[in-house]
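# Observations on the three-dimensional arrangement
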Amino acid sequence: MYTYSEFDHDFLKTRNAQFRAQVERRISGALTEDEFKPLRLMNGLYLQLHAYMLRVAIPYGTLNSAQMRQLADISERWDKGYGHFTTRQNIQFNWPRLRDVPDMLDALAEVGMHAIQTSGNCVRNVTADHFAGASADEIADPRPVAELLRQWSTDHPEFQFLPRKFKIAITGSPNDRAVTRAHDIGLRMVRQGDAQGFEVIVGGGLGRTPVIGKVISDFVPEQDLLPYIEAILSTYNSFGRRDNKYKARIKIMVNELGLDEVRARVDRRFATLRAEWSGADRAILRDLRESFAPPAFRTAPTEGYDVAYRHDPVFRSFADTNLAAHRHPDYAIVTISLKAHGATPGDATAEQMRLMADLAAQYGHDELRISHEQNVILPHVHKSDLPHIHAALQSAGLATANIGLISDIIACPGMDYCALATARSIPVAQEIAQAFRARELDIGAMKIKISGCINACGHHHVGHIGILGLDRAGVENYQITLGGDGTETAALGERAGPGFAYDQIVPAIDRLICAYLDLRVDAQESFIAAFRRLGPKPFKDALYQTGGRADAA
Amino acid sequence: MSRDFAPSVLTANDLFEGDVVYFTATGDWSRQHTDALLFTDQQEAAEALAAAQAQPERFVGPYLALAHSGLNGPEPAHFREAFRARGPSNYRHGKQPMGMC
Ligand code: HEM
Ligand code: SF4
């Protein structure tokens, strides 16, 4: 893992000292809220519905056990003993007091963490495949490149005031677990012969105008990546709209100018930048690759795992749903579900964070990941350790075997916390998880994603079933989209029809699921496969119960 | 009461805690919606709002929120204000322990 240099530490120290002084001036009344707001947002501090919220970056979702423990300590000392992991691989603390935030930032800095660029119209936390460096299906570990992008974009003088926030995601695997097609820039590592390079996708994004990103270049060689990305950002900075915040994202620029025109402008800019480029990033990337070198994998028998798998059905079901194939055959990737039935998606208590940190330290080469699906991952675990890990997880309520199932729901904070929300998300997720608990293995692979407003922080557009909470004449109302997909076969869900009242949303999902169970060819055909085979009609009929009436007519 | 003014309470976020506060009949601020003063006069409401805006060292973003009178005091007219008054649904970390739910 990358460790901060002296320079990084000094930078954070100076920055935190500045913010401490700004907070003091706000409290004394020397700064008004209008003056203070941009300063606090630059340090990840929002004011939400019931309290302040501090958003902390977890670069490309990677952290070590000391960092996870520090997050636990912070949550206990200055918050209410838990944290909320988000779809952008960040953590949010929902209840800090203004006075305490400088101390929280200092505590973060002690372990090389911060809240810089977690808000504002700049390059946000670079996100990556949460199985990076571990997965069997990977071409290369994308994190050295993600770290390079982070270093290049942090405090980059030209890109602190872009037309709008800017999000970059990167995957090193053909199986896209980073939703690259729904980002301003999506990067997919590809090889051409011996050359390592990137497919560059541009102009994806969710929110008010959801767009699946388009391929602007199918191969940018690795040595050209930074100048090429700089060319895209600089083109966007010059030509992106600033007159209307809803039209300021790069996706609108790509739509208005056309992909070919954008490509031509980027190429022109790239030609200039490339010629001026020093190439210093090459050496940095080489060093970064070393700091992300795979751990020393252990050779040991795996019978313990096989025995537990054969004899313990609870362990077996955990292994079947929560493990993924590791590049080393004796190892596994463990996804720890933060979606216990009825719990708030993405929340972990201090105690749970500490337990996960302990497991990472003891069994996981000191690495943890946060996934955009709001779960935690132990990327490198020897199979013989899995029974102990499972037992430890059980003791902390972290052994829910539901990864990829209907209760593994992404939900944004919605109206329970968020000042922008138009309806609640969390209780809807909680109710759906409870309602389908008994049937979820039969239902199989299913992605439900819920947002509390059109900003789509809960990724509802790319959910197999997406749920969007709205305000209809002063009551909560939920619109359903069908057929979305956030992977390499990315697609936007289609709106099914009129929304449902709060107490009608679970029954509506129930009708949808029953229709799917009736219509599928067999238990192997997933919801999304059935939807693609049959189209939306039978599912809409089920949602609105029009099938029966149409037959009778 | 002015013709086009609907009854409202004056609310803001407390600068230090960030939590929701309401202007009361005694000219003080309370954390409970039921303690709020229900303005029926537009002029009075506007004056109270201006006074709150003039205290940036105590409040953030004061505004008037529609409400109606209930059995125990003013009640929020919109569900967003109801959630602000009560706290989040998932934990009793907001005002629920004060008996607001
Ligand atoms: C303080 C709370 C939050 C605020 C004020 C906020 C604000 C916003 C806004 C305004 C947008 C739309 C931007 C645009 O399209 O121009 C957005 C999008 C988004 N936010 Fe949030 N958000 C919040 C919390 C979260 C949380 C908790 C998550 C993850 C669970 C999240 C993840 C995202 C994602 C993934 C998008 C996707 C759309 C995109 O950028 O293309 N946000 N957010
Ligand atoms: S989708 Fe809307 S409600 Fe949900 S976190 Fe984003 S801004 Fe808030």
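What you are looking at is a predicted structure, and each value in this text was computed from that prediction instead of being measured.

Looking only at helices and strands, one finds two helices and five strands in chain B. Across chain B, helices and strands are ordered from the amino to the carboxyl terminus as β-β-β-α-β-β-α. Dimensions along the principal axes, computed over C-alpha positions, put chain B at roughly 40 × 35 × 20 Å. Out of the 101 residues in chain B, the part that is buried amounts to 44%. Put simply, 53% of the contacts in chain B that link residues at least 6 apart link residues at least 24 apart. When the accessible surface of chain B is summed, it comes to about 4,900 Å², and 51% of that surface belongs to carbon and sulfur atoms.

What follows covers the pairing of strand 12 (residues 331-336) of chain A. All names here are of chain A. Judged by how many residues are buried, strand 12 sits mostly within the fold: six of six residues are covered. Burial along strand 12 is two-sided: Tyr 331, Ile 333 and Thr 335 and Ala 332, Val 334 and Ile 336, pointing in opposite directions, are all buried. Alignment of strand 11 (residues 323-325) against strand 12, held across three bridges, turns out to be antiparallel. Bridged to Ala 325 within strand 12 is Ala 332. Linking strand 11 back to strand 12 in an antiparallel pair, the connection comprises five residues. One ladder, built from five bridges, connects strand 12 with strand 15 (residues 376-382); its direction is antiparallel. Across the sheet, the residue bridging to Ala 332 is Val 381, located in strand 15.

In this section: the sheet that holds strand 1 (residues 8-14) of chain B. In spatial order, the strands read 3-2-1-4-5 (chain B); together these five strands make up an open sheet with antiparallel pairing. The sheet is open, and its two edges are formed by strand 3 (29-30) and strand 5 (73-76) of chain B, each paired on a single side.

Turning our attention to the domain arrangement of chain A. Residue and element names in this part refer to chain A. For chain A, the domain assignment lists domain 1 (6-110), domain 2 (123-291), domain 3 (312-396) and domain 4 (410-544). Each of domain 2 and domain 3 was reduced to a C-alpha centroid, and the two centroids are 30 Å apart. Taken together, the eleven residues of domain 2 in the interface contact 14 residues of domain 3. Where domain 2 abuts domain 3, roughly 960 Å² becomes buried across the two surfaces, and 57% of that area is made up of carbon and sulfur atoms. Considering only the surface of domain 2 that becomes buried against domain 3, His 130, Phe 131 and Ala 134 emerge as the three largest contributors, covering 54% of it. At the junction of domain 2 and domain 3, the tally comes to one salt bridge. Here domain 2 is connected to domain 3 by seven residue pairs in polar contact (both at pLDDT 80 or more). Tallied by class, the residues present in the side of domain 2 that touches domain 3 amount to five nonpolar, three polar and three charged.

What follows concerns the sheet that holds strand 11 of chain A. The strand order across the open sheet built from five strands is 3-14-15-12-11 (chain A), with neighbouring strands paired in antiparallel fashion. A strand with exactly one partner marks an edge of an open sheet, and here the two such strands are strand 3 (62-63) and strand 11 of chain A.

We now examine the coordination of the iron atom of ligand 1. In this structure, the iron atom of ligand 1 receives exactly one donor atom from the protein: Cys457(A) (SG), at 2.1 Å. Note on placement: Cys457(A) falls in the loop between strand 17 (448-451) and strand 18 (465-472).

Glancing now at the interface of chain B and chain A. Counting from both sides, the interface comprises 25 residues of chain B and, opposite them, 34 residues of chain A. A buried area of about 2,300 Å², summed over both sides, lies between chain B and chain A, and 60% of it is on carbon and sulfur atoms. When residues of chain B are sorted by the area they lose upon contact with chain A, Phe16(B), Phe79(B) and His93(B) head the list and together hold 24% of the total. At the surface where chain B touches chain A, the tally comes to one salt bridge. A salt bridge links Glu17(B) to Arg97(A); its shortest N-O distance comes to 3.8 Å. Joining chain B to chain A, the criterion identifies eleven residue pairs in polar contact (both at pLDDT 80 or more). Contributions of two or more residues to the side of chain B that touches chain A are made by strand 1, strand 4 (59-70) and helix 2 (79-86) of chain B. For the side of chain B that touches chain A, the leading source of residues is helix 2 of chain B, giving five residues. In terms of residue class, the side of chain B that touches chain A is made up of ten nonpolar, eight polar and seven charged.

Rules of the game
Residues numbered from 1 in each chain as written. Chains lettered and ligands numbered in written order. Predicted model: local features only at pLDDT ≥ 70, side-chain atom pairs only at ≥ 80, totals over all residues. Heavy atoms only, no water. Helix = DSSP H or I, 4+ residues; strand = E, 2+ residues; numbered from the N terminus. Buried < 20%, exposed > 50% of the residue type's maximum accessible area, 1.4 Å probe, protein only. Contact = heavy atoms within 4.5 Å. Areas by Shrake-Rupley, 256 points an atom, 1.4 Å probe, with all protein chains shown as cover. Pairing = 2+ DSSP bridges. Domains from an automatic or database assignment. Buried area = accessible area lost by both parts, 1.4 Å probe. Salt bridge = Lys/Arg side-chain N within 4 Å of Asp/Glu carboxyl O. Polar contact = N/O pair within 3.5 Å; in protein donor to acceptor, adjacent residues only side chain to side chain. Nonpolar A, V, L, I, M, F, W, Y, C, P; charged D, E, K, R; others polar. Donors = N, O, S within 2.8 Å, 3.2 Å for Na, K, Ca; no water.

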